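Summary of the model geometry
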Amino acid sequence: MKLTLLGGAAEVGRSAVLIETENKRFLMDYGIKVEEFGPAELPLVPHKSVHEVVISHAHLDHVGFLPMVYEKSVVPWHATPPTQALAELLIQDAMKVNKINGFENPYTVESFKRAMENFYPAEYEETVSMRCGPKLTLHDAGHILGAAICEFYIEKKKVVYTGDFNLGETRMHKGASFAEDIDILITESTYSGKEHPDREHEEKKLVKNVKWALDRGGSALVPVFGVGRAQEVLVIMHEHFPGTPIFLEGMAVKATDIYLRYPEYIKDPKSLHDAMHDAIIVKKPPQRRKAIKGGAIVISPAGMLNGGNALWYLDNLPENSSVTLTGYCAEGTNGWMLINKGTILDQGKEKKLNYHVDQVDLSAHAGRKDLWDFIKRTSPELIVAMHGDNCFQFVDELELEGFSAIAPRIGETIPVKL
Ligand SMILES: [Zn+2]
Ligand SMILES: [Zn+2]
């Protein structure tokens, strides 16, 4: 078997793994690298068309380039049903955002539609036979709705591609489940060099910053990524602030609707259902006026404050309001500027904001310790590290511990003995 990273090689973004067996080829994920200030970076295109695709989960860095496969061919792609539903939503949104920003779409709408028509559902723990030969089993990855650790039997070897995974418990997920004794492990390594702070502590920090504003007559803005983070935050807010109006906006609403369509894929669907039932869904901008009178919580995209409805709130929140960023903010984004300088860019000009600003880590990725635990428990013959900024260093550490590991460069083909 041969393995080539078409993207996601020593980087976070555009994950794409090409697997070639004798005369069949398939892809594990086909994502784009979303850029905050320009068009997305694309993965490489396989030298010959592929016969099949498996998608680990619906984040754009794993599925955003799927329609490209359908420009010239019609092949099956496998994922869990919620991954298909979220992928449809997110790819459509990406096409819309491209249009607004004046970027050309790399594929046609017809290819996108063809992709959606050729979806083959696989539930967790159900084994399906791929036309290419391998047997495929998807395990809960504990990352976002429908996210899967993908296990393949290729000839007699167990090859596992983690996609993005989380062993720890969150409000939505119990943590990844996986079969031990892996032969070849292709793993994400986003946090190979970093440990997450205690999750309970981070939740408390979020609650404290929201309370700070509410106690003083302000409103609390919580910018979120629409898929995963929005639902976590909604449930936390609903639990801690009963009776306080909670406004939910944009992509976060559509994604939550999809979460609720697949209750069997989340840990505690009732808490999300109840929180959504009580939330105020902003359908028309005038509804936002109530939120800026003070005494409200607003959960709104975008997570890094580059675009999205959260920006409108930053312009209009009353005095004594707070802003709590709930994830990573890339350097130069408004989120990053707000944390580091207390400013944002408003029509090209730096503008000072006087809100009570904090940032919490509600990551849905395995931290360093869990990554090592996972590897030690599965004791692979070969580890392929990808989806991380420190892949080369991680590989050195793995080798020191006696593992055989490699971090391929983009486009480099690695022969793997089966
Ligand atoms: Zn992800
Ligand atoms: Zn990812």
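Below you will find a few notes about this structure. (Residues numbered from 1 in each chain as written. Chains lettered and ligands numbered in written order. Predicted model: local features only at pLDDT ≥ 70, side-chain atom pairs only at ≥ 80, totals over all residues.)

Describing the overall build of the protein chain
When you go through the protein chain residue by residue, the secondary structure sums to 13 helices and 22 strands. Relative to the globule expectation of 22 Å for 418 residues, the C-alpha radius of gyration of the protein chain, 21 Å, shows essentially globular dimensions. When the backbone C-alpha atoms are referred to their principal axes, the protein chain occupies close to 65 × 45 × 40 Å. Each of the 418 residues in the protein chain was classed as buried or not, and the buried ones make up 49%. Here the analysis covers contacts within the protein chain between residues at least 6 apart in sequence; of these, 71% occur between residues at least 24 apart. (Helix = DSSP H or I, 4+ residues; strand = E, 2+ residues; numbered from the N terminus. Rg over C-alpha atoms; globule rule 2.2 N^0.38 Å. Buried ≥ 20, exposed ≤ 12 C-beta atoms within 10 Å, placed from the backbone. Contact = placed C-beta atoms within 7 Å.)

Section: the environment of H78
Along the chain, the position of H78 falls in strand 5 (residues 77-79). Given 21 C-beta atoms within a 10 Å radius, H78 is considered buried. Those residues within four positions of H78 in sequence are excluded, and the remaining contacts are V54, Y120, A122, V128 and L136.

With respect to unusual backbone geometry
A302 follows P301 through a cis peptide bond whose omega is 10°. Following the sequence through the fold, A302 ends up in the loop between strand 15 (297-300) and helix 10 (310-316). One non-glycine residue, D181, lies in the positive phi region at around 55°. In this fold, D181 is placed in the loop between strand 10 (157-161) and strand 11 (184-188). D181 sits in the exposed class, given 10 other C-beta atoms within 10 Å. Of note, the phi angle at Q347 is positive, near 50°, even though the residue is not glycine.

Observations concerning the pairing of strand 2 (residues 16-20)
In terms of residue burial, strand 2 counts as a mostly covered element, since 4 of its 5 residues are buried. Where strand 1 (residues 2-7) lies against strand 2, 5 bridges are found, and the strand directions are antiparallel. Paired with T4 across the two strands is L18, which belongs to strand 2. Bridging between strand 2 and strand 3 (residues 25-30) involves 5 bridges; their strand directions are antiparallel. (Pairing = 2+ DSSP bridges.)

Quick word on the sheet that holds strand 20 (residues 382-386)
Strand order across the open sheet formed by 7 strands is 7-8-9-10-11-20-21, with mixed pairing between neighbours. Each edge of the open sheet is held by one strand with a lone partner, namely strand 7 (127-129) and strand 21 (405-406). Sheet analysis places strand 20 next to strand 21, joined by 2 bridges and oriented parallel. If you follow V384 over to strand 21, its bridge partner there is I406.

What to know about the sheet that holds strand 12 (residues 220-223)
Pairing within the open sheet is parallel, and its 6 strands lie in the order 14-13-15-12-16-19. The open sheet has two free edges, formed respectively by strand 14 (280-281) and strand 19 (356-359), since each of these has just one partner strand. Of the strand pairs in this sheet, strand 12 and strand 15 are connected by 4 bridges, and their pairing is parallel. If you follow L221 over to strand 15, its bridge partner there is V298. Across the sheet, helix 6 (residues 229-240) lies against strand 12, strand 13 (246-248) and strand 15, angled at about 170° from strand 15, the strand it touches most. (Axes fitted to C-alpha atoms, helices over the stretch in contact; angles between N-to-C directions.)

Quick word on the packing of helix 7 (residues 250-261) against helix 8 (residues 269-278)
With their axes 10 Å apart at the nearest point, helix 7 and helix 8 run at an angle of 140° to one another. Between helix 7 and helix 8, the angle is such that the two are oblique. Seen along the crossing, helix 7 lies across helix 8 with a hand that is left-handed. Residues T256, Y259 and L260 of helix 7 lie in contact with helix 8, whose contacting residues are P269, L272, H273 and M276. For the contact of helix 7 with helix 8, the per-class residue count stands at 5 nonpolar, 2 polar and no charged. (Parallel < 35°, antiparallel > 145°, perpendicular 65-115°, else oblique. Left-handed = near helix turned anticlockwise from the far one by under 90°. Nonpolar A, V, L, I, M, F, W, Y, C, P; charged D, E, K, R; others polar.)

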